Amino acid sequence: MLEMTREEFEELVAEALDRIPPELTRLMDNVAVFVEDEPPAEDPELLGLYEGTPLTERGEWYAGVLPDRITVYRGPTLRFCETREDVVAETEVTVVHEIAHHFGIDDARLHALGYG
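Owing to the predicted nature of the structure, the values given are computational and were not obtained by experimental measurement. Position numbers for residues start from 1 in each chain and track the written sequence from start to end. Totals for whole chains, interfaces and linings use all residues, but because this is a predicted model, local features are given only for residues with pLDDT of at least 70 and pairs of side-chain atoms are given and counted only at 80 or more. As a convention, hydrogens and water are excluded, and side-chain values are obtained from all of the structure's heavy atoms.

**Overview of the overall build of the chain**
Right, so step 1: Where helices and strands are cited, they refer to DSSP runs of H or I of at least four residues and of E of at least two residues respectively, numbered from the N terminus. Counting its secondary structure elements, the chain contains five helices and three strands.
Right, so step 2: Listing every helix and strand of the chain by position from the N terminus yields α-α-β-β-β-α-α-α.
Right, so step 3: Both definitions apply: the radius of gyration is a C-alpha atom measure, and the globule rule equals 2.2 Å times residues to the power 0.38. Taken over C-alpha atoms, the radius of gyration comes to 14 Å for the chain, in line with the 13 Å a tight globule of 116 residues would show.
Right, so step 4: Across its three principal directions, the C-alpha atoms of the chain cover 45 × 30 × 25 Å.
Right, so step 5: Burial classes follow relative accessibility: with a 1.4 Å probe on protein chains only, a residue under 20% of its type's maximum area counts as buried, one over 50% as exposed, and anything between as partly exposed. Scored against the burial criterion, the 116 residues of the chain give a buried share of 34%.
Right, so step 6: When contacts within the chain are restricted to residue pairs at least 6 apart in sequence, long-range pairs at least 24 apart make up 75% of them.
Right, so step 7: Computed by Shrake-Rupley with a 1.4 Å probe, the accessible areas treat only the displayed protein chains as cover when residues are assessed. For the chain, the computed accessible surface area is about 7,000 Å², with 52% contributed by carbon and sulfur atoms.
Right, so step 8: For the chain, the distance from the average site of its 9 positive side-chain charges to the average site of its 27 negative ones is 3 Å. We call two residues in contact when some of their heavy atoms are within 4.5 Å. Positive charge is attributed to Lys and Arg, negative charge to Asp and Glu, and no charge count is given to His or to the chain ends. Taken as the charge centre is NZ of Lys, CZ of Arg, CG of Asp or CD of Glu, depending on the residue.

**Looking at the nonpolar core**
Most often, soluble globular proteins keep nonpolar side chains buried together rather than apart.
Right, so step 1: The biggest cluster of nonpolar side chains holds 17 residues, and the ones touching the most others in it are Met-4, Phe-9, Val-13, Val-72, Val-87, Val-95 and Ile-99.
Right, so step 2: Those elements giving two or more residues to this core turn out to be α1 (6-18), β3 (68-73) and α4 (84-102).
Right, so step 3: In terms of residue count, α1 provides more of this core than any other element does, four residues in total.
Right, so step 4: Ignoring any residue separated from it by four or fewer positions in sequence, one finds Val-95 in contact with Val-13, Ala-16, Leu-17 and Val-72. Residues belong to a common nonpolar core when they are buried Ala, Val, Leu, Ile, Met, Phe, Trp, Tyr or Cys residues joined through side-chain atoms within 4.5 Å.

**Overview of the environment of Val-88**
Right, so step 1: One can find Val-88 in helix α4.
Right, so step 2: Note: C-alpha distance between Val-88 and Ala-63 (25 residues apart in sequence) is 35 Å.
Right, so step 3: With residues near it in sequence (within four places) discarded, Val-88 still touches Leu-12 and Arg-19.

This is the structure we're talking about:
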């Protein structure tokens, strides 16, 4: 397995977020991004997870709620990738994938766009 400290991995996630076009980041609302070492035990190969209410499903009722949560998992990403360059690329794909869920884009469309 490829070795990378949590701090190094967090920096890769931050860099992937920085590459999101400003036009999109301005539209993101009430969402926080986290790095965790491992996903839930029932899905050990999960690279990322979006939890919340997509922007496309929010209505008048949406107020005073906790932020949506995007989590990127270090362990499975490092086990999946062979090189540091692979980790950089996979982290970017995962970040874009989870942010797309925040915008209401489903897995089928993401796979079609190459962000599966």
